[in-house]
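A structural walkthrough
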Amino acid sequence: MLRITEFKLPLDHADDELRPALLQRLAIGSDELLDFTLFKRSYDARKKSTELQFIYTVDFQVRDEAALLQRLSHDKHIGPAPDVSYKMVGHAPAELNQRPLVVGFGPCGIFAGLLLAQMGFKPIILERGTEVRQRTKDTWGLWRKNVLNPESNVQFGEGGAGTFSDGKLYSQIKDPKFIGRKVLHEFVKAGAPEEILYVSKPHIGTFRLTGVVENMRHQIEALGGEVRFQQRVTDVLIEDGQMQGVVLDSGERIDSRHVILALGHSARDTFRMLHGRGVFMEAKPFSVGFRIEHPQGLIDRARLGKYAGHPKLGAADYKLVHHAKNGRSVYSFCMCPGGTVVAATSEPNRVVTNGMSQYSRNERNANSGIVVGITPEQDYPGSPLAGIELQERLESHAYLMGGETYEAPAQLVGDFIAGKASTALGTVEPSYKPGVKLTDLADALPAFAIEAIREALPAFEKQIRGFSQHDAILTGIETRTSSPLRITRGEDLQSLNVKGLFPAGEGAGYAGGILSAGVDGIRIAEALARDILGIAG
Ligand SMILES: Cc1cc2nc3c(=O)[nH]c(=O)nc-3n(C[C@H](O)[C@H](O)[C@H](O)COP(=O)(O)OP(=O)(O)OC[C@H]3O[C@@H](n4cnc5c(N)ncnc54)[C@H](O)[C@@H]3O)c2cc1C
């Protein structure tokens, strides 16, 4: 297999123009080219002076690779394609003494469970929430009728936190073994659009994600795994520093010396239980802020200029950072083009926001978190659980500010910068359901965070014209940007002080998004398999 990079075609090229263009670029006849697949497609919207082009990386097979490589040896964009195929670490023995447990069926638990099942370990997966169809109804219960189900919601249930999301599938993690490709291939096998394998910023969108996670569950079950819903783990059994099993809220005990914890960042009760049992953990930095909404057209025009609205480019995104004078960094988080702001609490009487989009990304507004980094050293010293306590305080206060109905407190950007309460909306209609209450957000976050965001919004105007327009909307609050703690693991990816306990994914502090949680799920399944099979890492 060979690879060509920096292969450029006009934005408006038809799909069937790719093959002849490739033949021409390689200067070969049609019968020479046996096959080709797109590996990557990107474009550079920063160069507004030149015509926008798609830039492809294409893997291809020709009849005589050696001859072609020799003829084009001067061409630095053509060479052998690296092997990015996934290789399993081993296979379970025919007789399994005990089945490994996976706690949590979000992206991390799904991929850990899938990998263990593919290796023949027949995992038992325990998920506190409901299967995805029931969960969808429960989640809409909060959005439409102000009714929260604390065990089945945006955070908890089949598919985990990312199920009702934009389904962005990119990450900046180091991935020398190309495990991210394995994650994307498995998503496609389960029904995700094939383009996620090559577009530079792939996303799936909420409706498609629900079907994808259901199909992945069926695959795990077909391989001998078991996925149990409404099974909350309430205790862990540890003897002499060795994991022995877990206890469920029903009182049932399940024995296993190998347990993967893929809890997500919202399992506060479970974190407290683990801390009480002496599992080593430490507080870690996270971020707090608001969601901001603008008309998507404003973002498209700022980012894509004359190409705004081009069907092949879709709704534009952005990524912004500002270093404030008070030493804090403000940045855009989880930007959702053409999406909506959603109520994302899993606990009664709390308000927390996040964002989601459908695959089409065709809602009126763009939204993102505008958040400020905070650290245990500066902002919540002491216990490893202090970050959770801070989140809880802020989310409870936001609930009060919203009128104690799960409506969210909100303010126009102009009023926020001027420091006065908003009393009427402008042209930007907030998308948050069940609704917003206009107020002054000044005491929704610590003073340093308010100060930093007030400084950042006008600064972002320099990069995106209209970003700090008076009637853009801020909705509060964003607190669950990542886990406030880390369940630290050693080189063998096991807990520092409990053998057989494998903390993983976002909740353990080792991932920050769907793709990285999936990659960590695979890595943790590999570590568990190595431990059972006695293979060195
Ligand atoms: C609204 C929203 C939009 C998002 N959008 C994106 C996006 O576009 N792109 C992106 O990359 N990321 C996005 N994220 C973040 C992403 O969803 C998470 O990073 C990812 O889901 C983390 O995966 P995880 O498997 O580690 O944890 P989770 O997905 O949180 O899964 C943990 C699972 O564990 C279960 N659980 C917890 N405690 C217990 C227990 N005691 N017993 C049994 N089960 C338990 C929970 O019910 C949950 O299902 C979004 C998140 C939200 C909330």
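Scroll up for the structure.
Criteria and cut-off values
Residues numbered from 1 in each chain as written. Predicted model: local features only at pLDDT ≥ 70, side-chain atom pairs only at ≥ 80, totals over all residues. Heavy atoms only, no water. Helix = DSSP H or I, 4+ residues; strand = E, 2+ residues; numbered from the N terminus. Contact = heavy atoms within 4.5 Å. Buried < 20%, exposed > 50% of the residue type's maximum accessible area, 1.4 Å probe, protein only. Pairing = 2+ DSSP bridges. 1 Å grid on protein atoms, 1.4 Å probe; cavity = no way out; pocket = protein on both sides within 12 Å on 5 of 7 lines; lining within 4 Å. Points joined across faces, edges and corners; volume = space filled by probe spheres on them. Nonpolar A, V, L, I, M, F, W, Y, C, P; charged D, E, K, R; others polar. Near = heavy atom within 4 Å. Polar contact = N/O pair within 3.5 Å; in protein donor to acceptor, adjacent residues only side chain to side chain. Areas by Shrake-Rupley, 256 points an atom, 1.4 Å probe, with all protein chains shown as cover. Domains from an automatic or database assignment. Axes fitted to C-alpha atoms, helices over the stretch in contact; angles between N-to-C directions.

Moving on to the environment of V147. Summarising the element assignment, V147 is placed in the loop between α4 (132-145) and α5 (179-189). Distance in space between the C-alpha atoms of V147 and P434 is 9.7 Å, their sequence separation being 287 residues. Setting aside its immediate chain neighbours within four residues, V147 contacts D138, G141 and L142.

Neither face of strand β17 (residues 353-356) is left uncovered, since the one carrying T353 and G355 and the one carrying N354 and M356 both have all their residues buried. Pairing geometry for strand β16 (residues 340-343) and β17, over four bridges, is antiparallel. Bridging across to β17, A343 finds its partner in T353.

Of the volumes computed, that of the second largest pocket is approximately 940 Å³. Considering the residues around the second largest pocket, the lining is formed by 33 residues, among which Y43, S200, K201, L313 and A315 are closest to the centre. For the lining of the second largest pocket, the elements supplying multiple residues, two or more each, are β2 (33-42), β3 (53-62) and α8 (296-304). By residue class, the composition of the lining of the second largest pocket is 15 nonpolar, seven polar and 11 charged.

Here we come to the site of the ligand. Surveying the vicinity of the ligand reveals 39 residues, the closest of which are E127, A161, G162, E506 and I514. Within the side chain of E127, one N or O atom sits 2.5 Å away from an oxygen atom of the ligand. Separating an oxygen atom of the ligand from a backbone N or O atom of A262 is a distance of 3.4 Å. Protein chains shield 96% of the accessible area of the ligand, which is 1,000 Å² for the free molecule. Contributions of two or more residues to the shell around the ligand are made by α3 (107-118), β17 and α13 (514-533). Among the residues forming the shell around the ligand, the class breakdown is 17 nonpolar, 16 polar and six charged. The two domains that each donate at least three residues to the shell around the ligand are domain 2 (101-281 + 487-533) and domain 3 (283-478).

A few words on the sheet that holds strand β21 (residues 473-478). Strands in a sheet are paired, the pairing made by backbone hydrogen bonds, and the direction either parallel or antiparallel. Across the sheet, seven strands lie side by side as β14-β15-β18-β13-β21-β19-β20; this open sheet has mixed pairing. The two strands at the open ends of the sheet, each matched to only one other strand, are β14 (321-323) and β20 (436-438). The average undirected angle you get between the axes of adjacent strands in this sheet is 30°. With five bridges connecting them, strand β13 (residues 286-295) and β21 associate as antiparallel partners. Looking across to β21, one finds that F290 is bridged to G476. Contacting β13 and β18 (365-374), α8 runs over the sheet at an angle of about 95° to β13. Taken strand by strand, helix α12 (residues 447-461) contacts β13, β14, β15 (329-336), β18 and β21, and its axis lies near 135° from that of β18.

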